[in-house]
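One-letter residues, chain by chain:
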Amino acid sequence: LDTKRQRQARFEDDLAAPPTRSESEFRILRSVGAGDFGSTALVVHLPTQRTGCLKRVQGVSREGQLLLELAVGAPPSLLRAFAAGEEGPRASLIFMEFLPEVLEPHCFATALLRAEGVLRDVCKVLSYLELRRVVHGDLKPDNIRLRADEVAVVCDYGHARALPRSASKAVE
């Protein structure tokens, strides 16, 4: 297993990635999914040869920049974004870690201790988001994925919003 220092070094390398400005920087391996506002694909970033997930969102989206801003000091269960940028006025691109395993199939085949770990990971992210005054906006089993190290990761920040500093402490 990785040591905490190795994970931190890898995380700092991830933060140093350049902004993503064009789909031509990627080789698409396969489609992963599509929704009302965009699509995702498993890709290889050609300049770095890093494999990840590329999310293309119609219009200008703050999702990628929000993930990059949240990265510093984040718990391991926060989705790692490597780079984000605008592809002109028509689309936003987010290059992030690829997490193929959806939580849902594991709910029935998992022991109570495993479920406790998943809940703990999700709660760490939600607590962190609350400290940063961010509301996820779309928390559901489909938006929780598992890393190979079995850390549950909260994904899809397309509906996330930052609360103004003057907003009341209670989040509705």
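Going by the structure above, here's the rest.
Report on the accompanying structure. Starting afresh in each chain, residues are numbered from 1 along the sequence in its written order. Selection of residues for local features in this predicted model requires a pLDDT of at least 70, selection of side-chain atom pairs for listing and counting requires 80 or more, and totals for whole chains, interfaces and linings are taken over all residues. For the side-chain quantities, the full set of heavy atoms in the structure was used; hydrogens and water were omitted.

### Describing the side chain of Glu25
Counted only if it meets this: Only runs of H or I of at least four residues qualify as helices and only runs of E of at least two qualify as strands under DSSP, and these elements are numbered from the N terminus. We call a residue buried when its accessible area falls under 20% of the maximum for its residue type, exposed when it is over 50%, and partly exposed in between, using a 1.4 Å probe and counting protein chains only. Two N or O atoms form a polar contact when they lie within 3.5 Å of each other; inside protein one atom must be a possible hydrogen donor and the other a possible acceptor, and for residues adjacent in sequence the pair counts only when both atoms belong to side chains.
Structurally, Glu25 is set in the loop between helix 1 (4-15) and strand 1 (26-34). With a relative accessible area of 18%, Glu25 lands in the buried category. A distance of 3.2 Å separates a polar atom in the side chain of Glu25 from a polar atom in the side chain of His45.

### A look at the nonpolar core
Convention followed: Put simply, a nonpolar core is a bunch of buried Ala, Val, Leu, Ile, Met, Phe, Trp, Tyr and Cys residues held in one set by side-chain atoms that sit within 4.5 Å of each other. In this description, contact between two residues means that some pair of their heavy atoms is separated by no more than 4.5 Å.
The biggest cluster of nonpolar side chains holds 25 residues, and the ones touching the most others in it are Leu70, Leu78, Leu79, Leu129 and Tyr157. Every element with two or more residues in this core is listed here: helix 2 (63-70), strand 5 (91-96), helix 4 (112-131), strand 8 (144-146) and strand 9 (152-154). Element by element, the count of residues in this core is highest for helix 4, at five residues. The residues touching Tyr157, leaving out its near neighbours within four places in the chain, are Glu63, Leu67, Leu78, Leu79, Val125, Leu129 and His136. Of all hydrophobic cores here, the second largest spans seven residues; its members include Ala41, Val43, Phe82 and Leu93.

### Structural notes on the pairing of strand 2 (residues 38-45)
Note the threshold: Any two strands with at least two DSSP bridges between them are considered paired.
Counting buried positions over the eight residues of strand 2 gives six, a clear majority of the element. Judged from the seven bridges that link them, strand 1 and strand 2 form a sheet pairing that is antiparallel. Its bridge partner being in strand 2, Ala34 is matched across the sheet by Ser39. Connecting strand 1 to the antiparallel partner strand 2 that follows it, the hairpin turn spans three residues. Judged from the eight bridges that link them, strand 2 and strand 3 (residues 50-58) form a sheet pairing that is antiparallel. Bridging across to strand 3, Ala41 finds its partner in Leu54.

Everything listed here is a matter of geometry and, on its own, says nothing about what the molecule does.
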